[in-house]
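# Observations on the three-dimensional arrangement
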Amino acid sequence: MPILLRIAWRNLWRQQRRTLLTVSAMAVGIGMCMAMFAIIDGVYARMFDVLVGQALGHVQVHNPAWPADQQLYDTVPGVDEKLRALDALPGVKAAGARLSCAGLAAGDQTSSGAFFLGVDPQREDALVSLRRRVVRGSWIDEGPPNAAVIGAGLAKELELEPGGELVLITQAADGSIGNALFTVVGVVETGSALRDRSGVWARLPALQEALALPDQAHELIVLGTDIDGADALRDAVAATVAGPALLTRSWWQASPPTAQMINSQSVGKGMVMLIVFSVAGLGVLNTMLMNVFERTRELGVLKAIGMSPQRVMALVLLEAGLIGVVSSAAGVTLGLLVDLYLVKVGVDMSAGGKGLSFGGVAFDPVIRGVVNPDGVWAPVVFVVVVSLLAAIWPGLRAARLQPVDAMRQR
Amino acid sequence: MPIVSTRQLHRTYLQGEGEVHALDGVDLDIEPGEFVALMGASGSGKTTLLNLIGGLDRPTRGEVQVDGHALGALSSGALSRLRLDRIGFVFQAYNLIPVLSARENAEFVLLMRGVPADERRRRVDATLAAVGLEGLGDRLPSALSGGQQQRVAVARAIAGAPALVLADEPTANLDSRTGTELVEMMRRLNTEQGITFVFATHDTKVEERARRVIWMEDGKVQRDERRG
């Protein structure tokens with residue numbers, strides 16, 4: 001072992017309690033960071049999966065007027081043919097069409113404003129599967145062609161249960177009053193208060209008929225096999241299926257706030273690291289300053305017998321670097337144990353037994369950690385760099401010592 | 001050519017409002033192979049002179065040359081290199097590196113110089129034998145007596161075969177018998193290996209064994225006595 005490393009390592013353990021305290025603080029910092037990163041990555045992975053994978057899809061096709069106006073007439077025509085073409089397109093995992101409208105939903109006794117969504121139940125299973133969120137009755141594909149599933153809040157308001165009938169009254173695309181009778185086959189709790197209070201899910205053809213929009217939808221949702229290939233898939237969909245008359249966008253173009261939120265993940269992680277390791281850095285600074293102050297005479301001797309200022313500086317930096325390395329080893333061990341728990345068991349984020357929702361989309365309230373390599377190496381690199389940075393000042397002080405002055409110190 | 005040469009060497013310290021003239025115009029030449037004792041009362045300037053010769057301190061005025069190098073012209077790094085290559089130090093308080101064993105302390109200068117391992121081992125073995133520390137090389141300084149620690153310090157000072165060894169009160173912390181043994185040992189090294197020794201000391205044992213005694217008072221050379 002090189003002499004400087006040997007001295008640095010042995011010096012580290014001269015003040016065992018102080019070194020252990022510093023190492024412990026930094027190891028806990030690394031462990032905390034790794035756990036926080038696992039949770040953050042888990043939350044964002046889940047959000048991404050639900051918001052992008054299930055709600056937005058990787059690619060969306062709209063009428064160009066839809067994003068700004070969201071008018072009933074702003075539709076995508078020839079839906080059946082386009083869906084067949086999408087099914088045949090390489091890189092497409094699933095595709096679905098959605099038709100939506102606001103209208104009046106009337107039960108036997110009362111009525112309420114509602115948001116109707118027409119979907120193909122099988123195709124929708126691959127996108128947003130509400131099947132498992134049905135709390136009473138069944139999903140729409142298990143009922144008659146005019147089957148509907150309603151949100152739990154709306155069911156309560158309209159006093160409707162599976163087997164009851166619901167009337168839709170709205171404006172149809174041909175200018176007439178669109179109306180349709182649906183048989184309620186299920187009640188769903190989506191986790192989103194808004195959707196539970198106003199949502200009605202029906203088969204796409206039934207809603208197309210009610211709105212006089214045959215073979216049309218307001219959006220096509222395409223899920224690719226690889227999220228990183230979303231932009232390439234967009235281009236393929238635009239070129240081969242949608243054509244220039246329609247607006248084809250990747251998920252991040254369709255929902256910039258979602259993209260921004262998902263990108264903010266790294267900012268959140270950066271903030272955690274900054275806070276944790278600012279404190280840890282002060283710990284190292286304190287330790288190294290005390291080491292240098294206490295060993296002023298000894299450092300003076302080293303300089304007197306010929307150690308260059310650069311080597312003295314290197315010695316102090318090495319000691320700090322070793323604190324960082326030892327802390328990293330302990331911290332990663334601790335962090336991996338916590339990560340293991342977070343991955344296997346997870347954290348229940350539900351408040352009072354209620355589910356989690358974001359942007360109207362329900363999430364599983366148990367967040368499981370996701371361990372990415374950067375969630376391990378980033379804190380380790382950061383802690384070693386912080387240790388070295390914190391040692392620069394004490395190191396410079398040691399390097400600049402005048403031997404004769406330093407050796408006078410007791 | 002003298003191994004050490006000082007010309008009109010002054011060192012003034014600020015003390016409170018006033019100045020203390022620790023050295024006041026010292027002219028001195030020391031030839032290679034000399035065994036010199038700087039004697040004088042506390043505050044006479046002998047340690048200050050030793051520090052200036054060793055490049056551990058800078059003079060207020062005047063010039064020091066060691067082994068042909070004008071120290072005033074050297075940067076801090078170059079001074080370190082000169083000390084590493086040409087000067088050995090023995091201090092009153094031993095000043096060993098506490099985390100290194102006796103052997104590692106003796107080896108330290110050679111390691112700093114980048115001497116190959118085989119040669120390092122050979123030289124350190126010989127040096128530890130020369131100072132009578134065979135078998136004690138693996139001990140940490142804390143496991144050695146004062147006399148043994150000072151022998152390690154001497155081993156560290158001479159292991160690199162320096163041109164000059166500067167020893168500041170090397171026997172002050174040792175009992176009489178151990179001090180005598182240490183002085184005898186350094187005298188032997190001076191005779192056998194031709195190493196130049198310069199001591200700052202109060203110790204009459206050193207004075208008795210010195211070939212040259214320089215008496216200092218109030219920062220000046222009072223008397224310079226050469227002995228056969």
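Residues numbered from 1 in each chain as written. Chains lettered and ligands numbered in written order. Predicted model: local features only at pLDDT ≥ 70, side-chain atom pairs only at ≥ 80, totals over all residues.

### Brief notes about the overall build of chain B
Where we set the bar: Helix and strand definitions follow DSSP, with helices as H or I runs of at least four residues and strands as E runs of at least two, each counted in order from the N terminus. Each radius of gyration reported is based on C-alpha atoms, and the globular scaling rule is 2.2 Å times the count of residues to the power 0.38. For every residue, the other C-beta atoms within 10 Å of its own C-beta are counted; 20 or more classify it as buried, 12 or fewer as exposed, and values in between as partly exposed. C-beta atoms are placed from the backbone. Throughout, a pair of residues is in contact if the C-beta atoms placed from their backbones lie within 7 Å.
The number of helices and strands found in chain B is 7 helices and 10 strands. Computed over the C-alpha atoms, the radius of gyration of chain B is 17 Å, within 12% of the 17 Å expected from 2.2 N^0.38 for a compact globule of 228 residues. Principal-axis analysis of the C-alpha atoms places the extent of chain B at approximately 50 × 40 × 40 Å. Across the 228 residues that make up chain B, the buried fraction comes to 47%. Sequence-distant contacts in chain B: of pairs separated by 6 or more residues, those separated by 24 or more amount to 70%.

### Structural notes on the overall build of chain A
Regarding its fold elements, chain A presents 16 helices and 14 strands. Overall, the C-alpha framework of chain A stretches about 100 × 45 × 30 Å when taken along its three principal axes. Buried residues in chain A amount to 48% of all 410 residues. Sequence-distant contacts, at least 24 apart, represent 80% of the contacts inside chain A between residues at least 6 apart.

### Thoughts on the interface of chain A and chain B
Our working definition: Three categories are distinguished: nonpolar for Ala, Val, Leu, Ile, Met, Phe, Trp, Tyr, Cys and Pro, charged for Asp, Glu, Lys and Arg, and polar for the others, with Gly belonging to the last.
Between chain A and chain B, the contact holds 16 residues from the first and 18 residues from the second. Elements represented by at least two residues in the side of chain A that touches chain B include exactly α1 (3-12), α12 (296-304) and α16 (403-406) of chain A. Residue composition of the side of chain A that touches chain B, by class: 9 nonpolar, 3 polar and 4 charged.

### Regarding the domain arrangement of chain A
Keep this limit in mind: Bear in mind that the domain bounds are from an automatic or database domain assignment.
One can read the domain layout of chain A as domain 1 (3-52 + 264-406) and domain 2 (64-245). Each of domain 1 of chain A and domain 2 of chain A has a C-alpha centre, and these two points are 50 Å apart.

### A look at helix α2 (residues 76-86) of chain B
Our working definition: Note that the arc is computed from the directions linking the helix axis to the C-beta atoms.
Burial in α2(B) covers these residues: L79(B), S80(B), R83(B) and L84(B). When α2(B) is viewed along its axis, its buried side chains cluster within an angular range of 135° and face the same direction. On its buried face, α2(B) is in contact with α12 and α13 (309-344) of chain A together with β6 (87-90) and α3 (102-113) of chain B.

### Some thoughts on the pairing of strand β8 (residues 199-203) of chain A
Residues and elements named next belong to chain A. Quick note on the threshold: Here the rule is simple: two strands pair whenever DSSP picks up at least two bridges between them.
Counting buried residues in β8 gives 5 out of 5 residues, a clear majority hidden from the surface. Pairing between strand β3 (residues 111-119) and β8: 5 bridges, direction parallel. Each bridged residue has a counterpart across the sheet, and for G118 the counterpart in β8 is A202. Examined bridge by bridge, strand β5 (residues 147-151) and β8 share 3 bridges and lie antiparallel to one another.

### A few points about the nonpolar core
The following threshold applies: By convention in this section, buried Ala, Val, Leu, Ile, Met, Phe, Trp, Tyr and Cys residues joined through C-beta atoms within 7 Å make up a nonpolar core.
Judged by nonpolar contacts, the single largest core of 188 residues is most densely connected at A148(A), I150(A), V222(A), V36(B), L38(B) and V198(B). Per-element tally for this core: the top contributor is helix α2 (residues 16-56) of chain A, with 19 residues. Composition of this core by domain shows at least three residues from each of domain 1 (3-52 + 264-406) and domain 2 (64-245) of chain A. Setting aside residues up to four positions removed in sequence, L38(B) forms contacts with K46(B), L49(B), L50(B), V198(B), F199(B), A200(B), I214(B) and M216(B).

### Details of the pairing of strand β10 (residues 220-226) of chain B
All names here are of chain B. Pairing of strand β9 (residues 212-217) with β10 involves 6 bridges; the strand directions are antiparallel. Paired with M216 across the two strands is V221, which belongs to β10. Adjacent in sequence and paired antiparallel, β9 and β10 are bridged by 2 residues, among which D218 carries a positive phi angle near 50°.

### So, unusual backbone geometry
In this model, D215(A) sits at a positive phi of 55°, which is unusual for a non-glycine residue. Relative to the elements of secondary structure, D215(A) occurs in the loop between α8 (204-210) and β9 (219-224). Residue class for D215(A) comes out partly exposed when judged on the 16 C-beta atoms lying within 10 Å of it. If you check the backbone angles, A161(B) has positive phi at about 50° while not being a glycine.

### Examining the packing of α1(A) against α13(A)
All names here are of chain A. Applied cut-off: Each axis is a line fitted through C-alpha atoms, and for a helix only the stretch in contact is used; angles between axes span 0 to 180 degrees, taken between their N-to-C directions. Note on terminology: angles under 35 degrees are roughly parallel, angles over 145 are roughly antiparallel, angles of 65 to 115 are roughly perpendicular, and the others are oblique. By convention, the crossing between two helices is left-handed when the near helix turns anticlockwise from the far helix through less than a right angle, and right-handed when the turn is clockwise.
In the contact formed by α1 and α13, the axes pass within 9 Å of each other and the chain directions differ by 55°. On the basis of the axis angle, α1 is oblique to α13. Handedness of the crossing formed by α1 with α13: right-handed. For the pair α1 and α13, contact is made by L4, L5, I7, A8, W9, N11 and L12 and by R311, A314, L315, L318, E319, L322 and I323, respectively. When the residues that make up the contact of α1 with α13 are grouped by side-chain class, the tally is 11 nonpolar, 1 polar and 2 charged.

### Thoughts on the sheet that holds β10(B)
Residues and elements named next belong to chain B. Sheet architecture is open: 6 strands sit in the order β6-β7-β8-β3-β9-β10, paired in mixed fashion. Taken across any chain shown, the strands that pair with only one partner, and hence form the sheet edges, are β6 and β10. Mean inter-strand twist for the sheet, computed between neighbouring axes without regard to direction, equals 15°.

### Remarks on the confidence of the model for chain B
Quick reminder of the rule: For every residue, the pLDDT score states the predictor's confidence, bounded by 0 at the bottom and 100 at the top.
Of the residues in chain B, 100% have a pLDDT of 70 or more, and the chain-wide mean is 92. Scored as a whole, the predicted complex attains pTM 0.73, and scored at its interfaces, ipTM 0.90.

### A few points about the packing of helix α5 (residues 146-159) of chain B against helix α6 (residues 176-193) of chain B
All names here are of chain B. At a closest axis distance of 10 Å, the pairing of α5 and α6 adopts a crossing angle of 15°. On the basis of their axis angle, the class for α5 and α6 is roughly parallel. By crossing handedness, the relation of α5 to α6 is classed as right-handed. Where α5 approaches α6, its residues G147, Q150, R151, V154 and I158 are matched on the opposing element by T178, L182, M185, M186 and L189. A breakdown of the residues in the contact of α5 with α6 according to their chemical character gives 6 nonpolar, 3 polar and 1 charged.

### Concerning helix α14 (residues 374-390) of chain A
Residues and elements named next belong to chain A. As a reminder, the rule being used: Expected helix span is given by 1.5 Å per residue-to-residue step, counting one fewer step than there are residues.
Given a rise of 1.5 Å per residue, 17 residues ought to cover 24 Å, and the 23 Å separating the end C-alpha atoms of α14 matches this to within 8%. Every buried residue belonging to α14 is among G375, V376, P379, V380, F382, V383, V386, S387 and A390, and all of these are buried. The buried residues of α14 occupy an angular sector of 165° when projected down its axis, which confines them to one face.

### With respect to the sheet that holds strand β2 (residues 18-30) of chain B
Read from one edge to the other, the open sheet built from 4 strands follows the order β2-β1-β4-β5 (chain B), with strand pairing classed as antiparallel. What marks the edges here is a single partner per strand, and that holds for β2 and β5 (69-70) of chain B.

### Digging into the environment of M271(A)
In this fold, M271(A) is placed in helix α11 (residues 256-294). For the pair M271(A) and A173(A), spaced 98 residues apart in the sequence, the C-alpha separation amounts to 50 Å.

### As for the environment of D405(A)
Structurally, D405(A) is set in helix α16. Between the C-alpha atom of D405(A) and that of P2(A), which follows or precedes it by 403 residues, the distance is 28 Å.

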